[in-house]
2 protein chains.
Amino acid sequence: MAAERVREISTSLIRRMFEIVERAKREGKDVINLSIGEPDFSTPAELIDLAHEYMRKGYTHYTPNLGLEELREVIAERYGVEKDEVMVTVGASEALLNASLAFIEQGSDVLIHTPSFLSYFTYARLGMGNIVEISTFSDFRLNPDDVAEKLSGNTSLMFLNFPTNPTGAVLGQKELDAVHQALDGRAVIVSDEVYDRIYYDKKPGTLAGYENAVVVNAFSKTLAMTGWRIGFVIADRDLLDEMLKVHQVNGVCAPAFAQKAVADFMADGKDREFVEGMVREFRKRRDFVVSRLKRHFDVVEPQGAFYVFAKAYSGFIEDVLLEKGVALTPGNAFGSGLEDYFRLSYATSMENLEKAMDRIDEFMEEKKY
Amino acid sequence: MAAERVREISTSLIRRMFEIVERAKREGKDVINLSIGEPDFSTPAELIDLAHEYMRKGYTHYTPNLGLEELREVIAERYGVEKDEVMVTVGASEALLNASLAFIEQGSDVLIHTPSFLSYFTYARLGMGNIVEISTFSDFRLNPDDVAEKLSGNTSLMFLNFPTNPTGAVLGQKELDAVHQALDGRAVIVSDEVYDRIYYDKKPGTLAGYENAVVVNAFSKTLAMTGWRIGFVIADRDLLDEMLKVHQVNGVCAPAFAQKAVADFMADGKDREFVEGMVREFRKRRDFVVSRLKRHFDVVEPQGAFYVFAKAYSGFIEDVLLEKGVALTPGNAFGSGLEDYFRLSYATSMENLEKAMDRIDEFMEEKKY
């Protein structure tokens, strides 16, 4: 009964990981989960109370499909774009699917730099496009020449994700400009910038306001509100109109009270303070984890997000999970040829990270790698 | 840049209506909006406070893609199905898109009984299917023989919507069984039952637990929480697995605190009381509006939902909006050949309805129809 577009989408990798974790737990392992894709911080209490206040004031109904004016204005102001170029969505995911259905022509090429977030492959399949991987070995940044080389008359869309999940690679504004130029206006660029405010050195660039570019972002990671389902898109009105056709029968609108509460919180600049505190903590953890992992592995030094991507050997993540109860994400979830790699998420307490690093040390010593 | 699947989707009808409303307002008309597709009631205060409590307790993170166990259990119990057959979604809309992408094969036939909710046409287009309308004139129920006649080897999916938006038509369990039988297991049935608890006489049937059937529902209409974005799907595990492939890159999960709060509210049976009160009020309004509209129009007597579908003449809704400030929805939004019809939503106060009916009387008398 399944349509062709979903037949090639596999949930088997995630299932396999889940089964291995369950098996480890059954065997009495105290599992430390370092595969989590969301901040361990809680949503700011003030934001929660604002949401409650607005629920009680009646913000429990549909909002306009484009989102509440006040939130669109705050976002537009931050990016220096027009309010009409902003659409609020149900998290970044819904926005990515809307863009994929709006712009991926069936049978066209979809460019994905790898390693990157496994969902881009799914979006490309749902849009019935051909996946064209652009490998970013060995520095895990993106070479504009590689983009130009893979671009063809059949390319409809390119996904960008900087800071990158899983490598934490960052492109500054100039580097991003060069990629935009390499695409030469011949494809829609969907720039997933959900980690843009979690960076440690170089500031990530943005394609907001650029031609043929759709910027996707969310408050999920920056305000620790993944469970609220609120994101946004910035694009010119023509592109926005096409995505709106999908959005109005998909997410419809982000939760009304959440839109209103985030608008207030941002208007007062309170998001800045919160993000700073979170990044301060993430930086400590990154430095710690990187220095410890370097004892054993080739480590991609992360410049943003909250992941470390490192090279071990094929089968490492099963071994370390079953023997030591440390759950990581396998490299092949992020593109082909990455079996030897793993992703470690440091979105967990320093205490957990210390325990996990000790266990990995033990494991590697026992194995005499 | 737009892909073929969105090029045929038009937002022009809605825009035209919006422009007409704006023009009426500019001309100083006091516009009564009877085109609203959601209850005018507010979310129960107790549910709001529960949500706040759970936000504070940390229900601000992702939940599992399938939804929180406790909510899936309550839903499963109500329907007499297994918990594993329930997936929580971001409202009914996300669920309908997930099902469409999972089951509509490109180029296959999609059956839609008309008049019905205009979004089904959009879902069919996003799935790149061929729309096959099954007209339900003249009793606005669905004749199983008509279904069997339109079914072909190329049919992938049929949308059902009883109680129906816009007619309020209801199919009882036996009638629904007959439609299910007519489809003979040769297509997936997506049964959108979002109005199932808003009925006035005959109880609407459900396809929950039926083979090849995907039941889509939401708390949006029944608990007056459209702005919360929480719905669900009931289907066997194989069908659910295919939809999950889309859901995990689309809505991902419904708001965490909302899932938890609704689970508590339902476990205590408090939803029943709330729905009863709402239906009592809707019944009064329905009886009033139907009796008044009958003075002038052929009226389809609604058995459920909160709409009246009636026949006037092509151009009526523009006239009555511009001259009397009463905003209705045009019939051609619900299928072809329906230009003479309009939909009136009675999800507004009795006071507004009384004013609107007086204005329509005036209009019809002035026109000497």
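Remember, predicted model here, so these are calculated numbers, not experimental data.

Secondary structure assignment for chain A yields 13 helices and 13 strands. Scaling as 2.2 N^0.38, a compact globule of 369 residues should have a C-alpha radius of gyration of about 21 Å, and chain A matches this with 21 Å. Expressed along its principal axes, the backbone C-alpha trace of chain A runs to roughly 60 × 50 × 45 Å. Taking all 369 residues of chain A together, 62% fall into the buried category. The contacts of chain A with a sequence gap of at least 6 include a subset with a gap of at least 24, amounting to 75%. Carbon and sulfur atoms make up 44% of the accessible area of chain A, which amounts to about 13500 Å² in all.

The next subject is the interface of chain A and chain B. Each partner contributes residues to the interface: chain A has 70 residues there, and chain B has 70 residues. Interface of chain A and chain B: buried area, both sides summed, is about 5500 Å²; carbon and sulfur atoms make up 57% of it. It is Met1(A), Tyr62(A) and Val249(A) in chain A that bury the most area against chain B; as a group they hold 13% of the surface buried on that side. Inspection of the region where chain A meets chain B yields four salt bridges. Inspection of the region where chain A meets chain B yields 46 residue pairs in polar contact (both at pLDDT 80 or more). Those elements that place two or more of their residues in the side of chain A that touches chain B are helix H1 (4-7), helix H3 (45-56), helix H5 (91-103), helix H6 (119-126), helix H9 (237-247) and helix H10 (256-267) of chain A. Classifying every residue of the side of chain A that touches chain B gives 35 nonpolar, 20 polar and 15 charged.

Relative to the helices and strands, Asn165(A) is located in the loop between strand S5 (155-160) and helix H8 (173-183). Beyond its immediate sequence surroundings of up to four residues, Asn165(A) is in contact with Pro115(A), Ser116(A), Phe117(A), Tyr195(A), Tyr307(A), Phe334(A) and Arg343(A).

A word on the side chain of Thr60(B). Counting through the fold element by element, Thr60(B) comes out in the loop between helix H3 (45-56) and helix H4 (69-79). Side-chain polar atoms of Thr60(B) contact the side chain of Thr43(A), separated by 3.2 Å. Not counting residues within four places of it along the chain, the set of residues in contact with Thr60(B) comprises Ser42(A), Thr43(A), Ile48(A), Ala224(A), Met225(A), Thr226(A), Gly227(A), Trp228(A), Met55(B) and Ala256(B).

Residue and element names in this part refer to chain B. Here we have seven strands laid out as an open sheet, ordered S2-S8-S7-S6-S5-S3-S4, and mixed in their pairing. The open sheet has two edge strands with one neighbour each: strand S2 (86-89) and strand S4 (130-135). Each neighbouring strand pair of the sheet contributes to a mean axis angle of 20°, computed without reference to strand direction. Pairing between strand S5 (residues 155-160) and strand S6 (residues 188-192): four bridges, direction parallel.

When the UniProt feature table is mapped onto this chain, "domain: Aminotransferase class I/classII large" (unreviewed entry) is found at residues 29-360 of chain A. Helix makes up 39% of residues 29-360 of chain A and strand makes up 17%, while its end C-alpha atoms are separated by 14 Å.

Below, the discussion takes up the pattern of salt bridges. According to the stated counting rule, one finds 58 salt bridges over all chains in the structure shown. A salt bridge links Glu301(B) to Lys294(B); the shortest N-O distance between them is 3.1 Å. Given the relative accessible area of 44%, Glu301(B) is considered partly exposed. Here Lys294(B) falls in the partly exposed class, since its relative accessible area comes to 46%. Here the salt bridges do not stand alone but share partners, grouping Asp40(A), Glu281(A), Lys284(A) and Arg285(A) into one network.

Moving on to the relation of the copies chain A and chain B. Once chain A has been moved 0.0 Å along the axis and rotated by 180°, it coincides with chain B to within an RMSD of 0.0 Å. Read as a symmetry element, the transformation amounts to a two-fold axis. For chain A, the residue whose C-alpha comes nearest the rotation axis is His52(A), separated from it by 2.9 Å. Both copies share a contact surface, since 100% of the interface residues of chain A are interface residues in chain B too.

Moving on, we come to the domain arrangement of chain A. All names here are of chain A. Domain annotation for chain A reports domain 1 (4-42 + 272-367) and domain 2 (45-268). A separation of 25 Å is found between the C-alpha centroids of domain 1 and domain 2. Of the residues lining the interface, 37 residues belong to domain 1; the matching set on domain 2 comes to 35 residues. Roughly 3100 Å² is buried in total at the junction of domain 1 and domain 2, and carbon and sulfur atoms are behind 61% of that figure. Among the residues of domain 1 in contact with domain 2, Arg5, Gln303 and Phe334 are the three that bury the most area, contributing 21% of the side total. One can count two salt bridges joining domain 1 with domain 2. Where domain 1 meets domain 2, there are 14 residue pairs in polar contact (both at pLDDT 80 or more).

With that settled, consider the packing of aromatic side chains. Enumeration according to the criterion identifies 49 aromatic pairs over all chains in this entry. Grouped by ring-pair contacts, the aromatic residues Phe41(A), Tyr195(A), Phe282(A), Phe306(A), Tyr307(A) and Tyr346(A) constitute a single cluster.

With that settled, consider H3(B). With 12 residues, H3(B) extends 17 Å from end C-alpha to end C-alpha; this agrees with the ideal 16 Å at 1.5 Å per step. The set of residues buried in H3(B) consists of Leu47(B), Ile48(B), Leu50(B), Ala51(B), His52(B), Tyr54(B) and Met55(B). Next to the buried residues of H3(B) lie H3 and H10 of chain A together with helix H10 (256-267) of chain B. Just downstream of H3(B) lies Gly58(B), where phi reads positive at about 100°.

A separate point is the state of the cysteines. Enumeration over the complete set of coordinates arrives at zero disulfides over all chains. The cysteine Cys253(A) is free of any disulfide, with Cys253(B) supplying the nearest cysteine sulfur at 16 Å. When its relative accessible area of 0% is taken as the criterion, Cys253(B) is described as buried.

For the rest of this paragraph, the subject is the pairing of strand S8 (residues 231-234) of chain A. Residues in a regular strand point their side chains to alternate faces of the sheet. Residue and element names in this part refer to chain A. Neither face of S8 is exposed, since Gly231 and Val233 on one face and Phe232 and Ile234 on the opposite face are all buried. Taken together, the four bridges between strand S2 (residues 86-89) and S8 define a ladder with antiparallel strand orientation. Bridge assignment links Val88 to a residue of S8, and that residue is Phe232. Where strand S7 (residues 213-218) meets S8, four bridges bridge the pair, whose relative direction is antiparallel. Within the sheet, the bridge partner assigned to Val216 lies in S8 and is Val233.

A few words now on the packing of H5(A) against H9(A). All names here are of chain A. For the pair H5 and H9, the least separation of the axes is 8 Å and the interaxial angle reads 110°. Of the possible angle classes, the one that applies to H5 and H9 is roughly perpendicular. Facing Glu94, Asn98, Ala99, Leu101, Ala102 and Phe103 of H5, the residues of H9 in contact are Leu239, Glu242, Met243, Val246 and His247. Residue classes in the contact of H5 with H9 are distributed as seven nonpolar, two polar and two charged.

Thresholds, definitions, all that
- Residues numbered from 1 in each chain as written.
- Chains lettered and ligands numbered in written order.
- Predicted model: local features only at pLDDT ≥ 70, side-chain atom pairs only at ≥ 80, totals over all residues.
- Heavy atoms only, no water.
- Helix = DSSP H or I, 4+ residues; strand = E, 2+ residues; numbered from the N terminus.
- Rg over C-alpha atoms; globule rule 2.2 N^0.38 Å.
- Buried < 20%, exposed > 50% of the residue type's maximum accessible area, 1.4 Å probe, protein only.
- Contact = heavy atoms within 4.5 Å.
- Areas by Shrake-Rupley, 256 points an atom, 1.4 Å probe, with all protein chains shown as cover.
- Buried area = accessible area lost by both parts, 1.4 Å probe.
- Salt bridge = Lys/Arg side-chain N within 4 Å of Asp/Glu carboxyl O.
- Polar contact = N/O pair within 3.5 Å; in protein donor to acceptor, adjacent residues only side chain to side chain.
- Nonpolar A, V, L, I, M, F, W, Y, C, P; charged D, E, K, R; others polar.
- Pairing = 2+ DSSP bridges.
- Axes fitted to C-alpha atoms, helices over the stretch in contact; angles between N-to-C directions.
- UniProt positions renumbered as here; feature names shortened; annotations may be inferred.
- Least-squares fit on C-alpha atoms with pLDDT ≥ 70 in both.
- Domains from an automatic or database assignment.
- Phe/Tyr/Trp six-rings, centres within 6.5 Å; stacked < 30°, edge-to-face > 60°.
- Expected span 1.5 Å × (residues − 1).
- Disulfide = S-S within 2.5 Å.
- Parallel < 35°, antiparallel > 145°, perpendicular 65-115°, else oblique.

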